[in-house]
Amino acid sequence: MHKNVLKLMGLMLLIAACAGPKSPQDRLTVNDKKIDKIIEQMTLEEKVEMLHSKTNMSSAGVPRLGIADMNYADGPFGIREEGVPNGFTPAGWKLDSATYFPTGSALAATWSKDLAYLYGTGMGKEARLRGKDIILGPAVNIQRLPVGGRTYEYLSEDPILSAALSLNYTLGVQDQGTAVCIKHFAVNNQETNRGSVDAQVDERTLREIYLKPFESAIVKGGAMSVMPAYNRVNGDYCSENEHLLNEILRGEWGFKGYTLSDWGGTHSTMGAMLHGLNVQMTGSSYLGKPVIDSINTGALTEDLVDEKVRQILRVRFAIEPVPADVANTEMTSKPEQQQIAYKVAQRSIVLLKNQGNVLPLSKNVKKIAVIGQNAVLKTQSGGMGAGVKALYEITPLQGIQKRAGDAVEVVYAPGYKNFAGRRWGPAAANPNPLVATAIDEPADPDLLAEAVAAAKDADVVIFFGGTNKNIETEGSDRQNIKLPTGQEEVVAALYEANHNLVSVLISGGPCDLQVLEQYSPAIVQGWWNGTEGGTALAEVLFGDIAPSGKLPFTFPVKLEDSPAYAMGNFPNAAPTGGDLFTEQYRRDVIGGSAPQQGDRRAARPVPVSKYTEGSLVGYRWFDTKNVPVMYAFGHGLSYVDFTYGPMKVKSGKKVVTVTFDLTNTGSMEADEVVQLYVRRIDSKVEWPYKELKAFDRVTLGAGETKTVTLEIPAEDLRYWNVDTNSWTLEHGKLELLLGSASDDIRQKADATI
Ligand code: GLC
């Protein structure tokens, strides 16, 4: 071929490549010309119809022009059951049972990017079956407080771990042709006063800690929609926060999709319109007729409305609507997704302690006493918004019974009463003897005696403790992290009766283990682990698989040691006694009239939450301040040992690469999560003692060695420079700390950047 023709072809290829989408967000703009033509044909009324909810879980398209509505489904860990059009009351459908995936903190305990991606694909597929365009998830706020009501929905206390999982969850969902709505943007770290609290956080901490998981999903993952949080950040509500929504999200990150407020989280017409909100959920009090009125008076322009409609239509065009006669024609939960939930559960379980190798259970065990209601209570629903009507859920007791088979006797006793939460309806006429009315109700003598009797003649006792979804829930934070309803008394008595004792904690967040620790030679964190949670747990207990989960957050010795408490930042103010969404939800469930929202809140002073601990969140605090912990971030034991060879370090311009040999010296296959932390040496900038910068999950057969490579992108080593208002890379020396947990560093090496 002639040289010039070749050159021309090369040039054309180059032009074609340049004309394509430049970033994942730019994929949303490919239909802009078509969209502009549609906007030209729309009336102002039609446009404004798109700026607020149509039903409780949808916002309008343009019926006249054949543009479908946007249908939303609550995540983040399963497609929520269908509600009635105007509320959360279940619609009573038959085919809307979904797969219950392990909740956020369980997913994070896998430290697996691959599993986060798979999880996203599972959520995305089931959303399509239900005719949903957008999943209200992932939920990726940093777990700042051990008591946080939504810790179980969120991922981790660490931004690098949260960001990696949030990115892969997003990619998984969106690769299925469903959009994510990443939430809650931003700094929603407490439920106390969540509808009004002003989170006051310095810019560097905001960027380096709290925004990271959003940034990666939006910039690298192309997340198509974003849910501003209920709270305020540095003065302004998130749904009308110029800095968060216009400057950072759209300006710096190039976000091209649309934002929809949390339910009841829109606060004004002008604020929302001018400062970055697209859709009011729910209602039209602010982004309905008042928008038209404001245009008529000249306070707002129709161009601004067009811009918002364009952003919504971009997502509408990127996501193919599911035809009404195709959606909801088969059961939502599918075996393929149940397998994903199972895989995640298997890898999420954390072996916190294993004194005397109580675990795995000995082959000689003939009788097991399972004690504690958390072994039988289902965890799929509760906790308010995030819940799933699971097609099925294997409880821990069912998992153990099935695995034990006929050769092993399994006895069960409830052990303690279950705290059933705040009651909204009238008191029950005949109280259930297994239900506690107060969270700190002491152990019930009869239940205790029954449990001790069962424990005495068993070969091993498995105690199931922890919290439940009445204790850890959206809308409120825990008062403390103490084990509820006399569980400590129960475990002490069980140990007295039988020293061969394993404790399994079923909870989404950390608990105070000071007492349990004394009586329990083995402790397992079992999470709220989805549809196949009980199966996975039994496999770990019986040693069919080695445990391989690692803590995504710290278990402090006591609550008061944790950063926001130690700094006096939390609890921050007397609760104002009402949560906007809780009230709406309660009305929906038990009826009653609507409160005067605007008036009620306007009359209250703004509660403030100061973030003066700065970036010292979680282990960053405990390490830097030298405060001992109960179980460290990243901790998790196995049934095998791993040895870490010395690190070879290569410092490139864009990436620091570390390679080392990892060996499984045990006699079974096992996964290890390798963790690479960075400590700054002689830096002019202030840093926490060390920070996680890379990690991987590695599977090794018995006796196997693999060479592992970890990469730290230079961009992850930058800090937010408040003088220049930009990311800055400080050149200098680093110490690389490689290990199996944040408090179990096996190899050290120096690097220069
Ligand atoms: C809420 C939650 C949010 C959820 C929404 C719809 O109050 O904060 O996470 O997606 O309602 O249920």
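That block above? That's the structure.
First things first, this report covers the structure right here in the doc. (Residues numbered from 1 in each chain as written. Predicted model: local features only at pLDDT ≥ 70, side-chain atom pairs only at ≥ 80, totals over all residues. Heavy atoms only, no water.)

Following the criterion strictly, the structure yields 21 aromatic pairs and no others. Taking 5.2 Å as the distance between ring centres and 45 degrees as the angle between the ring planes, the aromatic pair formed by Trp111 and Phe633 counts as tilted. A residue pair is termed long-range when its members are at least 10 positions apart, and Trp111 in the loop between α4 (104-109) and α5 (113-129) and Phe633 in the loop between β21 (629-631) and β22 (642-644) qualify at 522 residues. A centroid spacing of 5.9 Å and a plane angle of 55 degrees characterise the contact between Phe185 and Trp253, whose relative ring orientation is tilted. Taken together, the positions of Phe185 in strand β5 (residues 179-185) and Trp253 in the loop between α9 (242-252) and β10 (258-259) put the pair 68 residues apart, joining distant regions of the chain. Judged by relative accessible area, which is 0%, Phe185 ranks as buried. The structure contains a cluster of three or more aromatic residues connected by ring pairs, namely Trp111, Tyr619, Phe633, Tyr677 and Phe695. (Phe/Tyr/Trp six-rings, centres within 6.5 Å; stacked < 30°, edge-to-face > 60°. Helix = DSSP H or I, 4+ residues; strand = E, 2+ residues; numbered from the N terminus. Buried < 20%, exposed > 50% of the residue type's maximum accessible area, 1.4 Å probe, protein only.)

This brings us to the pairing of strand β7 (residues 225-228). Because side chains alternate across β7, one face comprises the buried residues Ser225 and Met227, and the other comprises Val226 and Pro228, equally buried. Bridge analysis of β5 against β7 gives 4 bridges, and the strand direction is parallel. Counterpart to Ile182 in the pairing with β7 is Val226. Summarising the sheet, β7 and β10 pair through 2 bridges and their orientation is parallel. Bridge pairing in β10 links Ser225 to Tyr258. (Pairing = 2+ DSSP bridges.)

On to helix α16 (residues 487-497). Listed in full, the buried residues belonging to α16 are Gln487, Glu488, Val490, Val491, Ala492, Ala493 and Leu494. Among the structural elements, β12 (367-371), α15 (445-456), β16 (460-466), β17 (501-506) and α17 (514-519) are those in contact with the buried residues of α16. (Contact = heavy atoms within 4.5 Å.)

Summarising the element assignment, Leu559 is placed in the loop between β19 (555-556) and α19 (563-566). Taking relative accessible area as the criterion, Leu559 reaches 4% and is therefore assigned buried. The residues contacting Leu559, other than those within four sequence positions of it, are Pro146, Val147, Gln479, Asn480, Ile481 and Tyr565.

Bringing the state of the cysteines into the picture now. Applying the stated criterion across every chain, the model contains 0 disulfides. Looking at the unpaired Cys181, the closest cysteine sulfur is the one in Cys238, lying at 13 Å. Judged by its relative accessible area of 0%, Cys181 is buried. Assessed through its relative accessible area of 0%, Cys238 is described here as buried. (Disulfide = S-S within 2.5 Å.)

Once that is clear, we can look at the pattern of salt bridges. All chains considered together, the criterion is met by 43 salt bridges. Residue Asp69 pairs with Lys54 through a salt bridge whose shortest N-O separation is 2.7 Å. Residue Asp69 is found in the loop between β2 (58-59) and β3 (70-74), and its partner Lys54 is found in strand β1 (residues 53-55); the two are separated by 15 residues along the sequence. Exposure remark for Lys54: the relative accessible area of 46% places this residue in the partly exposed category. Residues participating in the shared-partner salt-bridge network are Arg150, Glu153, Glu191, Arg194 and Glu474. (Salt bridge = Lys/Arg side-chain N within 4 Å of Asp/Glu carboxyl O.)

Turning our eyes to something else, we now look at the site of the ligand. In the neighbourhood of the ligand, 15 residues make up the surrounding shell, with Asp74, Arg150, His184, Tyr230 and Asp262 lying closest. Interatomic distance of 3.3 Å between a side-chain N/O atom of Arg80 and an oxygen atom of the ligand. Relative to its free-state accessible area of 310 Å², the ligand is covered by the protein chains to the extent of 100%. By residue class, the composition of the shell around the ligand is 7 nonpolar, 1 polar and 7 charged. (Near = heavy atom within 4 Å. Polar contact = N/O pair within 3.5 Å; in protein donor to acceptor, adjacent residues only side chain to side chain. Areas by Shrake-Rupley, 256 points an atom, 1.4 Å probe, with all protein chains shown as cover. Nonpolar A, V, L, I, M, F, W, Y, C, P; charged D, E, K, R; others polar.)

With that settled, consider unusual backbone geometry. In the segment running from Phe185 into Ala186, the intervening peptide bond is cis, with an omega of 5 degrees. Within the secondary structure, Ala186 sits in the loop between β5 and β6 (198-200). Pro571 follows Phe570 through a cis peptide bond whose omega is -5 degrees. Positionally, Pro571 belongs in the loop between α19 and α20 (580-590). One non-glycine residue with positive phi stands out, namely Asn328, at about 60 degrees. Within the secondary structure, Asn328 sits in the loop between α12 (302-318) and α13 (335-348). Under the relative-accessibility criterion, Asn328 is labelled partly exposed at 24%. Non-glycine residue Asn357 carries a positive phi angle of around 45 degrees. Looking at the secondary structure, you find Asn357 in the loop between β11 (350-354) and β12.

Another aspect to go through is the nonpolar core. One finds Phe185, Ile368, Ile400, Val502 and Leu541 to be the most contacted residues of the largest nonpolar core, which totals 122 residues. Setting aside residues no more than four positions away along its own chain, Leu541 makes contact with Leu359, Pro360, Leu361, Ile400, Ile462, Val502, Val504, Val524 and Tyr639. Listed in part, the 41 residues of the second largest apolar core include Met42, Leu44, Ala179 and Ile312. (Core = buried A, V, L, I, M, F, W, Y, C linked by side-chain atoms within 4.5 Å.)

Before going further, it helps to spend a moment on the sheet that holds β12. The mixed open sheet is built from 6 strands, whose spatial order is β11-β18-β17-β16-β12-β13. Two strands lie at the open edges of the sheet, namely β11 and β13 (409-413), each paired on one side alone. Pairs of neighbouring strands in the sheet enclose a mean axial angle of 20 degrees, with direction left out of account. Lying on the sheet, α16 is in contact with β12, β16 and β17; it crosses β16 at an angle near 170 degrees. (Axes fitted to C-alpha atoms, helices over the stretch in contact; angles between N-to-C directions.)

Let's shift gears to the packing of helix α6 (residues 159-174) against helix α8 (residues 212-220). Put simply, α6 and α8 touch, their axes get as near as 7 Å, and they point 35 degrees apart. Seen along the crossing, α6 lies across α8 with a hand that is right-handed. On α8, the residues touching Pro159, Ser162, Ala163, Ser166, Leu167, Thr170 and Leu171 of α6 are Lys212, Pro213, Ser216, Ala217 and Lys220. Tallied by class, residues from the contact of α6 with α8 come to 6 nonpolar, 4 polar and 2 charged. (Left-handed = near helix turned anticlockwise from the far one by under 90°.)

A few words on the side chain of Thr395. With respect to the element layout, Thr395 can be found in the loop between β12 and α14 (396-404). Discounting residues that sit within four places of it in the chain, Thr395 has contacts with Ala375, Val376, Lys378 and Gly534.

Here the focus is the environment of Asn364. Within the fold, Asn364 resides in the loop between β11 and β12. Here Asn364 falls in the exposed class, since its relative accessible area comes to 62%.

Bringing the sheet that holds strand β4 (residues 134-136) into the picture now. Within a sheet, neighbouring strands are paired by backbone hydrogen bonds and run either parallel or antiparallel to one another. Spatially, 7 strands are ordered β1-β2-β3-β4-β5-β7-β10 in an open sheet, and the strand pairing comes out mixed. Two strands in the sheet have a free side with no partner beyond their single neighbour: β1 and β10.

Closest axis-to-axis distance for the helix α7 (residues 203-210)/α9 pair is 14 Å, and the angle between their directions is 55 degrees. Taken together, the axis directions place α7 and α9 in an arrangement best described as oblique. With respect to the hand of their crossing, α7 and α9 are arranged in right-handed fashion. Along its contact with α7, which presents Glu203, Leu206 and Arg207, the element α9 presents His243, Ile248 and Glu252. (Parallel < 35°, antiparallel > 145°, perpendicular 65-115°, else oblique.)

When you tally the buried positions in strand β30 (residues 733-741), you get 8 out of 9 residues, the bulk of the element. In this structure, strand β25 (residues 670-681) lies alongside β30, joined through 7 bridges in antiparallel fashion. If you follow Arg679 over to β30, its bridge partner there is Glu735. As judged from the 8 bridges shared by β30 and strand β31 (residues 744-752), these two strands associate in the antiparallel manner. What sits directly across from Leu736, in β31, is Ala749.

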